[in-house]
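The residues making up each chain are set out below.
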Amino acid sequence: MPGRFGRVLTAMATPFSPDGNLDVDGAQRLARHLLDSGTDTLVVAGTTGESPTLTADEKARLWAAVVEVAGGHRVMAGTSTYSTAESVELTHLAEKAGAGSLLLVTPYYNKPPQSGLVAHFSAIAGSTGLPCMLYNIPGRTACTIEVPTMVRLFEQLDNVVAVKDAVGDMAAASRLQRETGGQLEQYSGDDKNLLPLLAVGGVGVVSVAAHLVGPALQELVRAFEAGDTATALDLHLRHLELFEGLFATASPILLKACMNLLGLPAGPLRPPLVDATPDQVEFARGLLSGVGLEPRD
């Protein structure tokens, strides 16, 4: 059975206009496209959405715009930063905008101890009644939420209901599954680890590739749920080059290159990220053709 947020969540890119301003209309068009193309829940203003370069006002406008077209129950707002107080304020803005759930990333740069993570997540989750998904991505944050810490948060906070796993440690994921009886739902934070995580109890994916191949990801999860592991493996292997290739340089550089090639609302990146080079655009073109997608001329 799918998790409470569905099988495929898309970590939505944030469209910008050519001058670098927030493209609210583009965000709404992109949201509609994704919801029509295999996405169950939109994760708005997360890492793929270039959240560190968005102001609080831009995040609030972005959340409200996507809620307008998707409905709040299908919008998960990324509200956690390296500041607990700022995260609580952003959470209140997300609630006001109508978001139905929250993505809470591990504080980055300041590298808090596990007790600090408990304090951080408890303060945010305790300030809202919205369901929360913890986001464990030490490769970007230099800080890991250890399994006992996730278990503690799950046991102490009724609205901590899921985790986005971008660690890729299947033994740790297995321990978390065992310790929470599968009640703390695990979503893969890397498309390439979706199938392995399903094998140890995961329920879905928070995907980057779903901008491009959402229906295939839905098919993969449904096949696994139906016991058709051969089909699930075939889909995994057919899309593995895309899953890995999108991260050949800092994400979402290549994702936005692919989206622009397909005519999807994306636009440029904001510094310190930079747009794809001509060689990278050609690489992106090859990734698309590898999964049967034809770029616009």
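Owing to the predicted nature of the structure, the values given are computational and were not obtained by experimental measurement.

**A look at the overall build of the protein chain**
Secondary structure summary: the protein chain contains 12 helices and eight strands in total. At 18 Å, the protein chain has a C-alpha radius of gyration in line with the 19 Å of a compact globule built from 297 residues. When its C-alpha atoms are laid out on the principal axes, the protein chain stretches across 55 × 45 × 35 Å. For the protein chain, with 297 residues in total, the buried portion stands at 56%. When contacts within the protein chain are restricted to residue pairs at least 6 apart in sequence, those whose partners lie at least 24 apart make up 70%. A total of about 12000 Å² of accessible surface is found on the protein chain, and carbon and sulfur atoms cover 51% of it. Charge centroids of the protein chain, computed over 21 positive and 32 negative side chains, lie 3 Å from each other.

**Describing the environment of Arg238**
Relative to the helices and strands, Arg238 resides in helix H10 (residues 229-245). Residues Arg238 and Ile253, 15 residues apart in the sequence, show an inter-C-alpha distance of 22 Å.

**Here we look at helix H12 (residues 278-290)**
For H12, with 13 residues, the first-to-last C-alpha span of 19 Å sits near the 18 Å given by 1.5 Å per residue. Within H12 the residues assigned to the buried category are Ala284, Leu287 and Leu288. Taken end-on, H12 shows its buried residues confined to a sector of 95 degrees, consistent with a single buried face. Residues of H12 that are exposed and point more than 90 degrees away from the buried face comprise Pro278, Asp279 and Gly290. On the buried face of H12, the contacting elements are helix H9 (210-225), H10 and helix H11 (253-262). Taken from the residues just after H12, Gly292 is the one with a positive phi, measuring 80 degrees.

**Let's talk about the pairing of strand E3 (residues 75-78)**
The two faces of a sheet get side chains in turn, since along a regular strand they alternate between them. With burial as the criterion, each face of E3 is covered, one bearing Val75 and Ala77 and the other bearing Met76 and Gly78. Here three bridges tie strand E2 (residues 41-44) to E3, and the two strands are oriented parallel to one another. Residue pairing in the sheet places Val44 in a bridge with Ala77 of E3. One crossover worth recording links E2 to the parallel E3 by way of helix H2 (residues 56-70), and it is right-handed.

**Side note on the packing of helix H4 (residues 114-126) against helix H6 (residues 147-156)**
Look at H4 against H6: their axes get within 10 Å of each other, and the N-to-C directions meet at 30 degrees. It follows that H4 is roughly parallel to H6 by the angle criterion. As H4 packs across H6, the resulting crossing turns out to be right-handed. Between H4 and H6, the residues in contact are Gln114, Val118, Phe121 and Ser122 and Thr149, Arg152 and Leu153, respectively. For the contact of H4 with H6, a count of residues per class yields three nonpolar, three polar and one charged.

Reading the values: rules and limits
- Residues numbered from 1 in each chain as written.
- Predicted model: local features only at pLDDT ≥ 70, side-chain atom pairs only at ≥ 80, totals over all residues.
- Heavy atoms only, no water.
- Helix = DSSP H or I, 4+ residues; strand = E, 2+ residues; numbered from the N terminus.
- Rg over C-alpha atoms; globule rule 2.2 N^0.38 Å.
- Buried < 20%, exposed > 50% of the residue type's maximum accessible area, 1.4 Å probe, protein only.
- Contact = heavy atoms within 4.5 Å.
- Areas by Shrake-Rupley, 256 points an atom, 1.4 Å probe, with all protein chains shown as cover.
- Lys, Arg positive; Asp, Glu negative; His and termini not counted.
- Charge placed at Lys NZ, Arg CZ, Asp CG, Glu CD.
- Expected span 1.5 Å × (residues − 1).
- Arc of directions from axis to C-beta.
- Pairing = 2+ DSSP bridges.
- Right-handed = clockwise from strand over helix to strand, strands pointing away.
- Axes fitted to C-alpha atoms, helices over the stretch in contact; angles between N-to-C directions.
- Parallel < 35°, antiparallel > 145°, perpendicular 65-115°, else oblique.
- Left-handed = near helix turned anticlockwise from the far one by under 90°.
- Nonpolar A, V, L, I, M, F, W, Y, C, P; charged D, E, K, R; others polar.

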